[in-house]
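Inside the fold
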Amino acid sequence: MTRLYRISPEHPESGPLEDAAQALRRGELVTFPTETVYGLGANGLDPAAVRRIFAAKGRPGDNPLILHVESIEKAREVALLDSRAEALFRGYAPGPLTLVLPARECVPSVTRGGLPTVGVRIPDSSIALELIRRSRVPVAAPSANSSGRPSPTDVATVLEDLGDFVAVALDGGPTRVGLESTVLDVSTPVPVLLRPGEITLENLMESLGEVRVSGEAEELRKSPGTRYRHYAPRIPLYLWSPREGEALFALLASRGEEPGYMGIIPPPSPVKLEILFEDISQYAREFYRCLRKFEIQGVSCIVAELPEKTALGRALEDRLRRAAGEEGKKSI
Ligand code: TXA
Ligand code: MG
């Protein structure tokens, strides 16, 4: 049975934190909020505990985990930080930025998915930081969803996917950003953006000068996780740009589909269920939750507006395209 605690995001209570920290030290799994999405945490230095994460999620063993630490000093204990990494963490930590760095020997191979590097992040959440501090270990934590499913932005979603595996669940309410951290590889001479997030390419270029955006072939090599389908809802997802007008909606209607729609701009034709967002931040924050909501609301497919390519828009577009898989590619 999972021990579930409501906990204050501003002033997290020590009882639940201590229970969760002890569970981590015993090698058990704990779910906790970060500013991006909920994580499924384990002691990142304990291979048996880390294997429990892979088993619970059904995650392929070559997809490495991110180590969550509470400070730059702790980051230095698990990875080699050069001057670029130091400057980035000074500028953006705690925050939604994961740096891929050369790993120190204490990091087990299973945590790294067999790579010589390790992803390190200092999350901007008092609950997460206080949990890591009390556990006294770096916390390996992927998003707390079954592999391939939309990431969880609230604790109910975590328990839906992984309730059987979680010893302690810390419920700090819905997460602030809603999309996962920016992943930047700084183990190479020119840093490579592997996953866009709230911290943008422009932000990173300001600190670093040159940054490359990884192409498909390189992603496969560099970030094994990107090889697999991600964030996928159980019903087809089509991407729609307002420039296209009504064509996609007319096509779906002619096939007898009853779509659900989400976006900032209202759909050009009536749909079975529509979810409108005030702005791109709200769209990003609620995107994953809405994917799952549509599945249980009896729509036959989902149409999602492709957002403008603003900072957060690019991160959302990345997740939309991955969630849509081949279905989405056909419609755009
Ligand atoms: O916002 C986040 O980053 C959330 C919260 C819980 O912190 N975590 C998260 O973890 O999204 P996960 O495992 O769902 O996604 C991590 C991504 C994967 O695509 C993985 O392949 C990549 O980061 N990654 C991790 N370590 C890496 C490494 N050493 N080299 C290349 N890519 C790495
Ligand atoms: Mg994930």
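What this report covers is the structure whose coordinates are included nearby. (Residues numbered from 1 in each chain as written. Chains lettered and ligands numbered in written order. Predicted model: local features only at pLDDT ≥ 70, side-chain atom pairs only at ≥ 80, totals over all residues. Heavy atoms only, no water.)

With that settled, the discussion passes to the site of ligand 1. Around ligand 1, the structure places 26 residues, and the nearest of them are T36, R59, N63, H68 and S181. Between ligand 1 and the protein, one listed contact pairs an oxygen atom with a side-chain N or O atom of R59 at 2.9 Å. A distance of 2.6 Å is found between an oxygen atom of ligand 1 and a side-chain nitrogen or oxygen belonging to S181. Relative to its unbound accessible surface of 680 Å², ligand 1 loses 96% to contact with the protein. Within the residue set of the shell around ligand 1, elements represented by two or more residues are strand 4 (66-68), strand 6 (117-121) and strand 10 (192-195). (Near = heavy atom within 4 Å. Polar contact = N/O pair within 3.5 Å; in protein donor to acceptor, adjacent residues only side chain to side chain. Areas by Shrake-Rupley, 256 points an atom, 1.4 Å probe, with all protein chains shown as cover. Helix = DSSP H or I, 4+ residues; strand = E, 2+ residues; numbered from the N terminus.)

Another aspect to go through is unusual backbone geometry. Backbone torsion omega between A93 and P94 reads -5 degrees, so that peptide bond is classified as cis. Mapped onto the secondary structure, P94 falls in the loop between helix 4 (83-92) and strand 5 (97-102). The backbone of R136 sits at a positive phi, close to 60 degrees, despite the residue not being glycine. Mapped onto the fold, R136 is located in the loop between helix 5 (126-135) and strand 7 (139-140). By relative accessible area, R136 is classed as exposed at 65%. (Buried < 20%, exposed > 50% of the residue type's maximum accessible area, 1.4 Å probe, protein only.)

Another point: the packing of aromatic side chains. One pass over the structure, following the stated rule, counts 6 aromatic pairs. An angle of 50 degrees between the planes, with centres 5.3 Å apart, marks the rings of Y231 and Y288 as tilted. Residue Y231 is located in the loop between helix 8 (216-222) and strand 12 (237-240), and its partner Y288 is located in helix 10 (residues 280-296); the two are separated by 57 residues in the primary sequence. Exposure class is identical for Y231 and Y288. Each is buried. A ring pair is formed by F287 and Y288, whose centres lie 5.1 Å apart and whose planes are at 45 degrees; its orientation type is tilted. (Phe/Tyr/Trp six-rings, centres within 6.5 Å; stacked < 30°, edge-to-face > 60°.)

The subject of this paragraph is the environment of T182. Mapped onto the secondary structure, T182 falls in strand 9 (residues 182-185). Taking the relative accessible area as the measure of exposure, T182 reaches 0% and is therefore buried. A C-alpha to C-alpha distance of 27 Å links T182 and E28, two positions 154 residues apart in sequence. For T182, the residues in contact, after removing those within four places along its chain, are P96, L97, T98, L193, R195, P196, G197, E198, I199 and L204. (Contact = heavy atoms within 4.5 Å.)

Take the packing of helix 4 against helix 7 (residues 201-208) next. With their axes 10 Å apart at the nearest point, helix 4 and helix 7 run at an angle of 130 degrees to one another. Judged by the inter-axis angle, helix 4 sits oblique to helix 7. The two elements helix 4 and helix 7 meet at a crossing, and its hand is right-handed. Where helix 4 abuts helix 7, its residues R84, L88 and Y92 lie against N203, L204, S207 and L208. (Axes fitted to C-alpha atoms, helices over the stretch in contact; angles between N-to-C directions. Parallel < 35°, antiparallel > 145°, perpendicular 65-115°, else oblique. Left-handed = near helix turned anticlockwise from the far one by under 90°.)

Across its 17 residues, helix 10 extends 24 Å between first and last C-alpha, which sits within 8% of the 24 Å expected from 1.5 Å per residue. Buried within helix 10 are the following residues: I280, Q282, Y283, A284, F287, Y288, C290, L291, R292, F294 and E295. Regarding helix 10, its N-cap is D279, as a side-chain oxygen of that residue lies 3.3 Å from the backbone nitrogen of S281 further along. In the segment just after helix 10, G298 is the residue with positive phi, at about 75 degrees. (Expected span 1.5 Å × (residues − 1).)

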